[in-house]
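Chain residues, written in single-letter form:
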Amino acid sequence: MLWTTQLSVNAVDFVLSSNAEALTHYCGAAAFAQPHDFYTQSPYQRPSRPQDVTDSIITTCLTSDQLSNSQHLLAQRLLLNIYEQDLVFLPKPPLELDLKAFKSFYDPVHTASGKKIRPLLEHYLYNWLKEEVHINGPWCLDSFIAHTDKVLDDVAHSESKLHEVLTTSRQPERAARFFMTQCAGDFLSEASAMARNVLGNSGVYTSELFKILIDEYGYGVDKKKHSTIFEDMLQDMGMSHHVHHYWQFYTPASLSLTNYFHYVSANHGELFRYIGAMYYTEATLALTTKHQSRAIKSIFNGTVSTDYFDEHAHIDVHHGRMALQRLIMPMIKQFGPQIIPDLIRGFEEFRLLQDIADEELYAHIQWHDELDQHRAQAAALQGQKPVDLRITETELELSVLHTHPNDELFWVESGELEFVASPDLTVRLKAGEGVVIPKGMLHGTRICSPSCTYTVTAI
Amino acid sequence: MKAISLNISHANYVAVEERTYFLKRHAYSTQLLPTKCPHRGGPLHMGEVTGDGQSVICPWHDNAYRVCNLEKSALPTVRVRNRISTVVGDTERCVPQLKISRYDG
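How each quantity is defined
Residues numbered from 1 in each chain as written. Chains lettered and ligands numbered in written order. Predicted model: local features only at pLDDT ≥ 70, side-chain atom pairs only at ≥ 80, totals over all residues. Heavy atoms only, no water. Helix = DSSP H or I, 4+ residues; strand = E, 2+ residues; numbered from the N terminus. Buried < 20%, exposed > 50% of the residue type's maximum accessible area, 1.4 Å probe, protein only. Axes fitted to C-alpha atoms, helices over the stretch in contact; angles between N-to-C directions. Parallel < 35°, antiparallel > 145°, perpendicular 65-115°, else oblique. Left-handed = near helix turned anticlockwise from the far one by under 90°. Contact = heavy atoms within 4.5 Å. Nonpolar A, V, L, I, M, F, W, Y, C, P; charged D, E, K, R; others polar. Phe/Tyr/Trp six-rings, centres within 6.5 Å; stacked < 30°, edge-to-face > 60°. Lys NZ or Arg CZ within 6 Å of the ring centre and 35° of its normal. Salt bridge = Lys/Arg side-chain N within 4 Å of Asp/Glu carboxyl O. Pairing = 2+ DSSP bridges. Patch = residues over 30% accessible without salt bridge, like charges linked within 9 Å, V, L, I, M, F, W, Y side chains within 5 Å. Areas by Shrake-Rupley, 256 points an atom, 1.4 Å probe, with all protein chains shown as cover. Buried area = accessible area lost by both parts, 1.4 Å probe. Polar contact = N/O pair within 3.5 Å; in protein donor to acceptor, adjacent residues only side chain to side chain.

## Focus on unusual backbone geometry
Residues and elements named next belong to chain A.
No. 1: Residue P94 follows P93 across a cis peptide bond; omega there is 5°.
No. 2: The backbone of R49 sits at a positive phi, close to 55°, despite the residue not being glycine.
No. 3: In this fold, R49 is placed in the loop between helix 1 (2–27) and helix 2 (56–59).
No. 4: Residue R49 is classed as buried on the basis of its relative accessible area of 16%.
No. 5: Residues other than glycine seldom take positive phi values, yet L396 does so here, at roughly 75°.
No. 6: Relative to the helices and strands, L396 resides in the loop between strand 2 (389–394) and strand 3 (398–402).
No. 7: Given the relative accessible area of 60%, L396 is considered exposed.

Here is the structure:
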């Protein structure tokens, strides 16, 4: 008995250490390495500050009040990378294929380490949803439809806060580009998560899912593929259309939306959750993309193609209907009400994650608009508290964009650096200048003097 | 059927026509359970919960009822943060009330 207990303790230790080894091995990949730039020049570069990794991302789980935590962003970056090793990415001209980087990105041993830690990261990132979303009681098809119709009706009759935030920003074009940056992580690999569910044989549902997928992929016509339409839109706006060019600028909640779809698609036991989430997103995109199109037309005076949003305003009316009538209703009839809690869970979880991502986007646009006030606030606060951290770095040293769980006073004592808050917002901070960084707001730095010393103080 | 959304802090007891339900919350569940004891109609919303949290004891005859069984006669609910949604018949009136159930969630 004693021997058995001892073996079991050792086995647990072995699993824990083997998970930690897999995490360390995974984070050691070239894809995550320290970059020289804030923008990636290859789909195989995913700078992620692996030096910040702690075992907590594979041994604990986030709570809903920890979403500004820097480990949240880090875990989302790692998880997206793990999912995207299942997908094929090739550089587009003028970028050239670095065959070594390509092979390294898809290295099977490295990929296997990712697969090992994937369920742990999923638990860390999404377990909190179980505490925030409860589904109980006896549900039936009619009550499911009554509930979801009301939610969608409320969305249809509400004003678009996104339209208001973008068009009333102090710099609407910058705000719109930041919005597009957040979309890029998902839209440039359009519907890849969805593709995970069209393999196998789920009877008539395979065909129904496939119909939606072929719309997304443009029926084999590259110009019609939704990701191609989105690339055209990015180029119209003077932005890069290369996959993950803006990798460092994705907020954790934006990454969370993309990863959630992979999470409920890669784990096929969550199929009904996926169908519920897909119904919510397709049905609401038909409504929200109208406002997005209107905002872009207004901000860029009609000089930017809004085909991407217009296409979704049209086709997602069909996709929402198809999800309900061709998938959900026949599935409930065939498999019974036992699947309804998962359907509602997916619907509600994605709705909650979307709301959080929207609020995070609005907070970033406000932070960009008010950066000068945050600089003035820093000057007023400097010297009032003992500093937490003093760092000296040399020229061109770059801090990959990241977030903090608290408001922080960032202050330059000597030298000079570039402080980056968005692709369109970089300020130079010299000795005797600083900025207050609100919690959860993305930022990065690059030293532009031979040496630079700065301090960080939680406030 | 019609869907209704309530602020959870404004309703720990709901009347749907003649039927009444009380709010019962756990870390991973939020239920609107029937108040009427299946035995003699006692007020389950005034009953104790067993130590394991899995059963409610009717204050009239001390019968214990598994929550998972009571849930079969509950209202269907979705709780997201502080909102709870349920669905009732098209013509039914749903009236939320406070301070009737001993459970405040």
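From this point on, the discussion continues.
## Some thoughts on the packing of helix 8 (residues 161–168) of chain A against helix 14 (residues 271–299) of chain A
Residue and element names in this part refer to chain A.
No. 1: Contact geometry for helix 8 and helix 14: axes closest at 9 Å, N-to-C directions at 15°. Overall, the two elements helix 8 and helix 14 adopt an arrangement that is roughly parallel. As for the relative orientation of helix 8 and helix 14, their crossing is right-handed in sense. Of the residues in helix 14, those in contact with L162, H163, L166 and T167 of helix 8 are H291, Q292, R294, A295, S298 and I299.
No. 2: When its residues are assigned to classes, the contact of helix 8 with helix 14 shows four nonpolar, five polar and one charged.

## Focus on the packing of aromatic side chains
All names here are of chain A.
No. 1: This structure, assessed with the given rule, holds 28 aromatic pairs over all chains.
No. 2: For the pair F102 and Y106, a centre-to-centre distance of 5.5 Å together with 75° between the ring planes defines the contact as edge-to-face.
No. 3: Feature note: the residues Y126, Y260, F261, Y263, Y274 and F350 constitute an aromatic cluster, connected by ring pairs.
No. 4: One Lys or Arg, R46, reaches over the ring of F89 and ends 5.8 Å from the middle of that ring.

## Examining the pattern of salt bridges
All names here are of chain A.
No. 1: Using the criterion set out here, one finds 26 salt bridges over all chains in the structure.
No. 2: Among the salt bridges present, the one from K225 reaches D222, with a minimum N-O distance of 3.2 Å.
No. 3: A salt bridge links R390 to E413; the nearest nitrogen and oxygen atoms lie 2.9 Å apart. Here E413 lies in strand 4 (residues 408–414) and R390 lies in strand 2, a separation of 23 residues in the sequence.
No. 4: Each of E270, R273, R345 and E349 takes part in one network of salt bridges that share partners.

## A look at the sheet that holds strand 6 (residues 55–57) of chain B
As a general point, the strands of a sheet are linked pairwise by backbone hydrogen bonds and lie either parallel or antiparallel.
Residues and elements named next belong to chain B.
No. 1: In space, the three strands of this open sheet follow the order 5-6-7, with antiparallel pairing throughout. Each of the sheet's edge strands pairs with one partner strand only, and the pair in question is strand 5 (48–49) and strand 7 (64–66).
No. 2: Pairing between strand 5 and strand 6: two bridges, direction antiparallel. Across the sheet, the residue bridging to V49 is V56, located in strand 6.

## A word on a nonpolar patch on the surface
No. 1: A cluster of nonpolar residues, A:V88, A:L90, A:L97 and A:L99, forms a patch on the protein surface that exposes about 410 Å² of accessible area.
No. 2: Within the secondary structure layout, A:V88 lies in the loop between helix 3 (70–84) and helix 4 (99–105).

## Here we look at the interface of chain B and chain A
No. 1: On the chain A side, the residues contacting the 23 residues of chain B number 23 residues.
No. 2: Of the roughly 1,800 Å² buried between chain B and chain A, counting both surfaces, carbon and sulfur atoms make up 59%.
No. 3: When the buried surface of chain B facing chain A is broken down by residue, B:Y28, B:V78 and B:R81 rank first, second and third, together holding 31% of it.
No. 4: If you look at where chain B meets chain A, you find one salt bridge.
No. 5: The salt bridge involving A:E132 is made with B:R81; its shortest N-O contact spans 3.6 Å.
No. 6: Put simply, chain B and chain A have ten residue pairs in polar contact (both at pLDDT 80 or more) between them.
No. 7: Classifying every residue of the side of chain B that touches chain A gives eleven nonpolar, seven polar and five charged.
No. 8: Note: strand 1 (residues 133–136) of chain A against strand 8 (residues 77–80) of chain B, four bridges, orientation antiparallel. Each residue of the ladder has a partner; that of A:V133, found in strand 8 of chain B, is B:V80.

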